[in-house]
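# Observations on the model geometry
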Amino acid sequence: MSADPTQFDEPILRIRRRIEELSAIEPEPARDAEIAELETKLTKVAHEIYSNLTPWQKTLVARHPQRPYTLDFIALLFEDWTEIHGDRKFGDDAAIVAGFARFRGHPCCVVGHQKGRNTKEKIFRNFGQPRPEGFRKALRVMKLAEKFKLPIFSFIDTQGAYPGLGAEERGQAEAIAVNLREMAGLTVPLIIVVIGEGGSGGALALGVGDRVLMLQHAVYSVISPEGCAAILWKNSSAAPDAAQAMKITAEDLKKLGVIDEIVAEPDGGAHADPAAAADTLGPYLERALKELQKLKPAQLVDERYKKFRKMGVFEK
Amino acid sequence: MPEGLWVKCDDCKEIVYRKEVEANFNTCPKCGFHFRLTAKERFELLFDDNKYKEFASDIRSSDPLGFRDTKKYADRLKVYQQRVGGGDAVLCAEGKLDGMPVVICAMEYAFMGGSMGSVVGEKITIAAERALEKKEPLIIVSTSGGARMQEGILSLMQMAKISAALARLAAAGMPYISVLCDPTTGGVTASYAMLGDLNIAEPKALIGFAGPRVIEQTIRQTLPEGFQTSEFLVEHGMVDLITPRAEMKSTIARFLRIFRGQ
């Protein structure tokens, strides 16, 4: 299978191109009829393709360059967003954004991984791969949220923590570990949404919460399919097999008790219609917030402990 | 360590007398290299008179994903259970360290590279909860390649589960000492191994998050000499001290007394 996500998207794109061509010409009844027909077909084809994605195809969809990123969801779902920067220790990491906003009027905190779309942005965002500063910034801002008793929304979308020399020197492992421990004890509601790629410890470092939601075509795994294939199959081109074997889709994770709810994406994936994806997600966030705001701080922490305490499957 | 009268040191490559290695806490008499220990050897090193009571030993992996790469995970498990033992990649025990009751978890590198799946996560969490309940210090001796891929996302979640249990221990003012041995990498480093009130490393251990090969491929340059060793981590402020194996028990005991205000 090609690494080009457009391959299985091609029938959809072909119909879209035709609709665009037709839309450019002079309106006349025959043209209008053909467009209407194509639009019906587009819905059907997109639905068919996206109802039957393999785990590897989902990985490619989760990485799609037009997929809505954290800042897109913030723009579509939050008001008064103001980003703040830096870990107050070493620097600022643009692979993670953090700040304060309002969600449907409620003051709140938002953190999330951030990828870039064009080459310049991708480099600026370090391809969404955080360094320790990013995790420490996120924790600093989450602690501020706790201080002011504000709920936290966390958006997960990274292929993993950055495996670089400086990142190791400055304690990549320690930064992730501290986030896991501290997030477990935060006394405010923590709502997590896996919007794209949930890659390993770098994802989990923003992923300990009271509700974990996952978009329909997002993936979440202990290691990237390529990484797993390289180690266990000794061949990174076995990534589709690794994706299958590791059970990385929202449906799999729901069955394994790792996520709470799957948020449907529009036909053709969230990248086909980011606004529609956000429209679907909004009510989920609202309901989760409403439910969690009823709980006392100690109850929140206790329930969160029980939630993660249950995870794992073994024989006794 | 291989069987035989003589062994070759992995580090200085000298051929050394096995008995002399054993008399030196399984370290090389020539260069001080620390050979890997089994979990039981760790217990022997740390518990008084090698007396301890193992717990949570009846938990087994159930291959929750039906995982198969070039081999079935279920088959791999059987091989390791026969060769290494039924304890998976960690053993947990209670006993006394220099007279003080403690809970110790010792990882077993020989069991699938000490990888952490549901069983390791559950056993360590039980150990942390027991330490909390009995108000005993917790010591985790790590040696692990990281999370176990064959249990997928469930392995990743063990990082959160154990860290949450450690958060409770910390909130109760109970000491947790992390001992890092060769090698400690990946998800184990990025959770409990780095969360000790004290992170104590054995000399010259490989300790890191990403593996050296992955980093080299990412940055496309050779790594500096000594990168990701215990010594490198001390220099960069990530572990508190390096303690040779021969002094590990007495060092831990000294801190535990001081932490108790004695």
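Residues numbered from 1 in each chain as written. Chains lettered and ligands numbered in written order. Predicted model: local features only at pLDDT ≥ 70, side-chain atom pairs only at ≥ 80, totals over all residues. Heavy atoms only, no water.

### Describing the pairing of strand β6 (residues 100-107) of chain B
Residue and element names in this part refer to chain B.
- Of all 8 residues making up β6, 7 are buried, and the element is well covered by its neighbours.
- Across 8 bridges, the pairing between strand β5 (residues 90-97) and β6 is antiparallel. By the bridge assignment for β6, Cys-92 is matched with Cys-105.
- Where β6 meets strand β7 (residues 138-144), 4 bridges bridge the pair, whose relative direction is parallel. Looking across to β7, one finds that Val-103 is bridged to Leu-138.
- Note on the crossover from β6 through helix α4 (residues 118-134) to β7: the handedness is right-handed. (Buried < 20%, exposed > 50% of the residue type's maximum accessible area, 1.4 Å probe, protein only. Helix = DSSP H or I, 4+ residues; strand = E, 2+ residues; numbered from the N terminus. Pairing = 2+ DSSP bridges. Right-handed = clockwise from strand over helix to strand, strands pointing away.)

### Some points on a nonpolar patch on the surface
- A contiguous nonpolar surface patch, about 450 Å² in accessible area, is contributed by B:Leu5, B:Trp6, B:Ile15 and B:Tyr17.
- Here B:Leu5 lies in the segment before β1 (6-8). (Patch = residues over 30% accessible without salt bridge, like charges linked within 9 Å, V, L, I, M, F, W, Y side chains within 5 Å. Areas by Shrake-Rupley, 256 points an atom, 1.4 Å probe, with all protein chains shown as cover. Salt bridge = Lys/Arg side-chain N within 4 Å of Asp/Glu carboxyl O.)

### Re the interface of chain B and chain A
- Listed as interface residues are 55 residues of chain B and, on the opposing side, 47 residues of chain A.
- Counting the surface lost from both chain B and chain A, the interface buries some 4500 Å², and carbon and sulfur atoms represent 73% of this.
- Between chain B and chain A we count 3 salt bridges in total.
- Elements with a minimum of two residues in the side of chain B that touches chain A: β4 (60-61), α4, α5 (152-171) and α7 (212-219) of chain B.
- Here the side of chain B that touches chain A is composed, by residue class, of 30 nonpolar, 16 polar and 9 charged.
- Bridge count between strand β9 (residues 314-315) of chain A and β4(B): 2 bridges; the pairing is antiparallel. Within the sheet, the bridge partner assigned to A:Glu315 lies in β4(B) and is B:Arg60. (Contact = heavy atoms within 4.5 Å. Buried area = accessible area lost by both parts, 1.4 Å probe. Nonpolar A, V, L, I, M, F, W, Y, C, P; charged D, E, K, R; others polar.)

### Some remarks on the environment of B:Leu180
All names here are of chain B.
- On the secondary structure map, Leu-180 appears in strand β8 (residues 176-184).
- With 40 residues separating them in the primary sequence, Leu-180 and Ile-140 have C-alpha atoms 8.4 Å apart.
- Setting aside residues up to four positions removed in sequence, Leu-180 forms contacts with Ser-142, Ala-193, Met-194, Asn-199, Ile-200, Ala-201, Glu-202, Ala-205, Ile-207 and Val-239.

### Digging into the packing of helix α14 (residues 297-309) of chain A against α5(B)
- Close contact between α14(A) and α5(B) brings their axes to 9 Å; oriented N to C, the two are set at 140 degrees. By the angle between their axes, α14(A) is oblique relative to α5(B). Read as a crossing pair, α14(A) and α5(B) show a hand that is left-handed. Of the residues in α5(B), those touching α14(A) at A:Asp302, A:Tyr305, A:Phe308 and A:Arg309 are B:Met157, B:Ala160, B:Lys161, B:Ala164, B:Ala165 and B:Arg168.
- Partitioning the contact of α14(A) with α5(B) into residue classes produces 6 nonpolar, no polar and 4 charged. (Axes fitted to C-alpha atoms, helices over the stretch in contact; angles between N-to-C directions. Parallel < 35°, antiparallel > 145°, perpendicular 65-115°, else oblique. Left-handed = near helix turned anticlockwise from the far one by under 90°.)

### Some thoughts on the domain arrangement of chain B
All names here are of chain B.
- Taken domain by domain, chain B consists of domain 1 (1-35) and domain 2 (36-259).
- Put simply, the middle of domain 1 and the middle of domain 2, counted by C-alpha atoms, are 24 Å apart.
- Contact with domain 1, which involves 7 residues of that partner, is made by 10 residues of domain 2.
- Across the interface of domain 1 and domain 2, roughly 750 Å² is buried in total on both sides, 54% from carbon and sulfur atoms.
- The largest contributions to the domain 1 side of the interface with domain 2 come from Phe-25, His-34 and Phe-35, which together make up 70% of the buried area.
- Here domain 1 is connected to domain 2 by 1 salt bridge. (Domains from an automatic or database assignment.)

### Description of helix α10 (residues 225-233) of chain A
All names here are of chain A.
- If you check which residues of α10 are buried, you get Pro-225, Gly-227, Cys-228, Ala-229, Leu-232 and Trp-233.
- Buried positions along α10 lie against α3 (55-62) and α11 (239-246).
- Just beyond α10, the residue with positive phi is Lys-234, at close to 55 degrees.

### Details of the sheet that holds strand β3 (residues 52-55) of chain B
Residue and element names in this part refer to chain B.
- In space, the 7 strands of this open sheet follow the order β3-β5-β6-β7-β8-β9-β10, with mixed pairing throughout. Lying at the two open borders of the sheet, with one neighbouring strand each, are β3 and β10 (241-242).
- Bridging between strand β9 (residues 198-201) and β10 involves 2 bridges; their strand directions are parallel. Within the sheet, the bridge partner assigned to Ala-201 lies in β10 and is Ile-242.
- Across the face of the sheet, helix α2 (residues 39-46) comes into contact with β3, β5, β6, β7 and β8 while running at roughly 10 degrees to β5.

### Section: the domain arrangement of chain A
All names here are of chain A.
- Looking at the assigned domains, one finds that chain A contains domain 1 (5-52) and domain 2 (59-309).
- Facing the 8 residues of domain 1 at the interface are 9 residues of domain 2.
- When domain 1 packs against domain 2, close to 730 Å² is buried across both sides, 64% of that on carbon and sulfur atoms.
- Counting across the interface, domain 1 meets domain 2 through 0 salt bridges.
- Between domain 1 and domain 2 we count 3 residue pairs in polar contact (both at pLDDT 80 or more) in total.
- Taken together, the elements giving at least two residues each to the side of domain 1 that touches domain 2 come down to α1 (6-24) and α2 (29-51).
- Broken down by element, the residue count for the side of domain 1 that touches domain 2 peaks at 4 residues, all from α2.
- In terms of residue class, the side of domain 1 that touches domain 2 is built from 4 nonpolar, 2 polar and 2 charged. (Polar contact = N/O pair within 3.5 Å; in protein donor to acceptor, adjacent residues only side chain to side chain.)

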